[in-house]
Amino acid sequence: MLHWDMNHFVVLTRAGRGVLEIVDPAHGKRTLSWTDASEHFTGVVMEMEPGPDFTQKAPEPEVAIRSLMGPIRGLKSALGTMLGLSLTLQACVLLAPFYLQWVVDQALVSADSGLLTVLGLAFGLATVFQAVVTWLRGFAVVQLSASLSMQWLNDVFAHMLRLPLEFFERRHLGDITSRIGSVQTIQGTLTTGFVEAIIDGVMATITLGLMCFYSAALASLSVAATALYLTVRTLAFRKVRALNEKHLLASAMQQTHLLETVRGMQSLKVAGRESFRRVAHDNLVVNSTNLENAIARAGLAFLTVNQLIFGLERVAVVWLGASLAMHASFSVGMLVAYLAYKEQFVQRVGSLIDKSFDFRMLRLHGSRLADVVLSEPEPMPPAREANFKGTSLGIEARGLSFRYSESEPWILEDCSFSIVAGESVAFVGPSGCGKTTLMKVLLGVLKPSRGSISIGGVDITGADGGSIRHAIGAVMQEDQLFAGTIAQNIGFFDPDFDIDRVQDAARAAAIHDDICAMPMGYESLIGDMGSALSGGQKQRVILARALYAAPLVLFLDEATSHLDVKREREVNDAVRRLELTRIIVAHRPETIASADRVLVLENGKIVRSLSPVGATEPLWPEVQREVER
């Protein structure tokens, strides 16, 4: 294993004369020259050999595009319609060369103007019919494209929403959007490409048969040229695929950089680092553009080779066909008709070859999309939500442990505690001790590695875990608002939200007066991710959103960190009056003092439980020492 690009390892599979073959988790299988490899290799090598417990596994099969699509409503009927219209259209195309042959060999030779008129009218009507069929097929293609795009994008988005939180925490935003964007590429290629490939195959077979009927010798020249072009495309496919893969990765990195820049614009402005960010973006754009140009040059090279091979083939066919006509083996009309069929054959076969490689290239997009659509989703919530009685729920955690993988250290380890219904408990401890992770595990967005959690008697790690979410409210550090009005955000975009409940939740979160002071009140637009609000206002709107759902359990992770002491006290007093169970993570003494009990967390373990020593104490002495420590 070679250390690569100062950030990951690759597996060396072969070191040959002048080249290295590696398997890179970021790119897949790659073949590099020693010069190219030296730009990435850091000089660190790990050498390993199989241990006694090593078992060899069969390689995973390649991802099939069909497995990514899922059920598609109306696909067979739409493809059947397109195929029927296309075959009808191609029948008209096949008749066109006969018009030239009959005009040259029959009407002109016999000077029969009546026959010429009949032929003109007949083929003129055929042309009108061909135009109508062309429009109908185009309309069918547009309808199918729109239907597939809507179905696939909706299905992929719905599946993405069901993926666990760990999936998103381990990937860049630009990379996820790039992978989902592969849906459009796959859909566009399959919509018209599949039907056209069938038509091209059928038409190539028919026209080749007609060409052989006219002259097998001439047809052999076209077949040889086709075989030569296929060989060129086959030899170049691996390199073109590698270029496309690199371009997809480079585009994803550029998109990630752009999104991060937009989201972090305030930090850039404050630090005055715009120029450095611009330089980094310029480098990413140059890399992506160079790869795009390389792909375009490859396409230009294929076009040139196509024109060269089939151009020389055309010269040879015309020369040989004219020689046959001069020796009376061919009539002039037959030669004209043959050349028309030959051009159709060359066009169809060339298109079929190009489409076959486009279909093979779809595996690249399919493998990227598979990272999203084949990832294991969270279990579907039960059809019925749990029916809880009372105004709050208790929480029971036993042997709770969590880590992201077996090779990483424990973030939480063997945590056990009970929280009775209606109790307010604060978790305190130094930064990085696992408080936020504990909150996510208790909320069910992270699955514990070991142990169990029950809320109101429901095991949230089991199949019924989804039934509890309607009874839980949360304000997390990373929570975001969405583009829309304040009322919509508090009602979490429920189309039938109750404005009275929205205002009650805003009053409980001490944000009602601020909203009323805005020009549009609750209809004020707050911008993307709450950019029109201050940090404290944003936190209180998010708290109002959590309270609007009338939860029985409320999780607060630094929910008042942006508030002044007076406003924080107002929020704590309002929340304390609510009859619900509260779990708090905080560092500020005023918020911690509002709890009934404090659990101290260190290195992922609960080491102490502190209780109040007097109702008149503004802050418990033990808690004060923990906060200061």
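Residues numbered from 1 in each chain as written. Predicted model: local features only at pLDDT ≥ 70, side-chain atom pairs only at ≥ 80, totals over all residues. Heavy atoms only, no water.

Under an unreviewed UniProt entry, the name given to the chain is ATP-binding cassette subfamily B protein RaxB, and the organism recorded is Luteibacter jiangsuensis. Under the heading Subcellular location (unreviewed entry), UniProt records this for the chain: "Cell membrane". (UniProt positions renumbered as here; feature names shortened; annotations may be inferred.)

With that settled, the discussion passes to the pairing of strand E6 (residues 395-402). Walk down a regular strand and you will see the side chains alternate between the two sheet faces. With 6 of 8 residues buried, E6 lies mostly within the body of the structure. Of the pairings in the sheet, the one linking E6 to strand E7 (residues 412-419) comprises 5 bridges and is antiparallel in character. Among the inter-strand pairings, Leu400 is bridged to a residue of E7, identified as Cys415. Where E6 lies against strand E9 (residues 450-455), 5 bridges are found, and the strand directions are antiparallel. (Buried < 20%, exposed > 50% of the residue type's maximum accessible area, 1.4 Å probe, protein only. Helix = DSSP H or I, 4+ residues; strand = E, 2+ residues; numbered from the N terminus. Pairing = 2+ DSSP bridges.)

Attention now goes to a nonpolar patch on the surface. Taken together, Met1, Val11, Val23, Met46 and Met48 make up a surface patch of nonpolar side chains, about 390 Å² in accessible area. Position of Val11 relative to the elements: it lies in strand E2 (residues 8-15). On the basis of relative accessible area, Val11 is assigned to the partly exposed category, the value being 39%. (Patch = residues over 30% accessible without salt bridge, like charges linked within 9 Å, V, L, I, M, F, W, Y side chains within 5 Å. Areas by Shrake-Rupley, 256 points an atom, 1.4 Å probe, with all protein chains shown as cover. Salt bridge = Lys/Arg side-chain N within 4 Å of Asp/Glu carboxyl O.)

Ranked by internal contacts, the top residues of the largest apolar core, which has 40 residues, are Ile490, Tyr522, Leu543, Leu554 and Leu556. Those elements that place two or more of their residues in this core are strand E8 (424-428), helix H12 (486-490), helix H13 (499-508), helix H15 (535-548), strand E12 (553-557), helix H16 (565-576) and strand E14 (597-602). Broken down by element, this core gets its largest block of residues, 7 residues, from H15. (Core = buried A, V, L, I, M, F, W, Y, C linked by side-chain atoms within 4.5 Å.)

Before going further, it helps to spend a moment on the pattern of salt bridges. A side chain with one charge can pair with a side chain of the opposite charge if their charged atoms come near. Enumeration according to the criterion identifies 14 salt bridges in this entry. The residue Arg540 makes a salt bridge to Asp514 at a minimum N-O spacing of 3.2 Å. Placement of the pair is Arg540 in helix H15 and Asp514 in helix H14 (residues 512-516), with a sequence separation of 26 residues. Comparing Arg540 with Asp514 shows no difference in burial state: the two are buried. Here Arg608 ties to Glu602 by a salt bridge, and the two come within 3.3 Å at their closest N and O atoms. Judged by its relative accessible area of 21%, Glu602 is partly exposed.

What follows concerns unusual backbone geometry. Of note, Asp414 is a non-glycine position whose phi angle comes to about 55 degrees, a positive value. Tracing the chain through its elements places Asp414 in strand E7. In this model, Ala550 sits at a positive phi of 50 degrees, which is unusual for a non-glycine residue. Mapped onto the elements, Ala550 comes out in the loop between H15 and E12.

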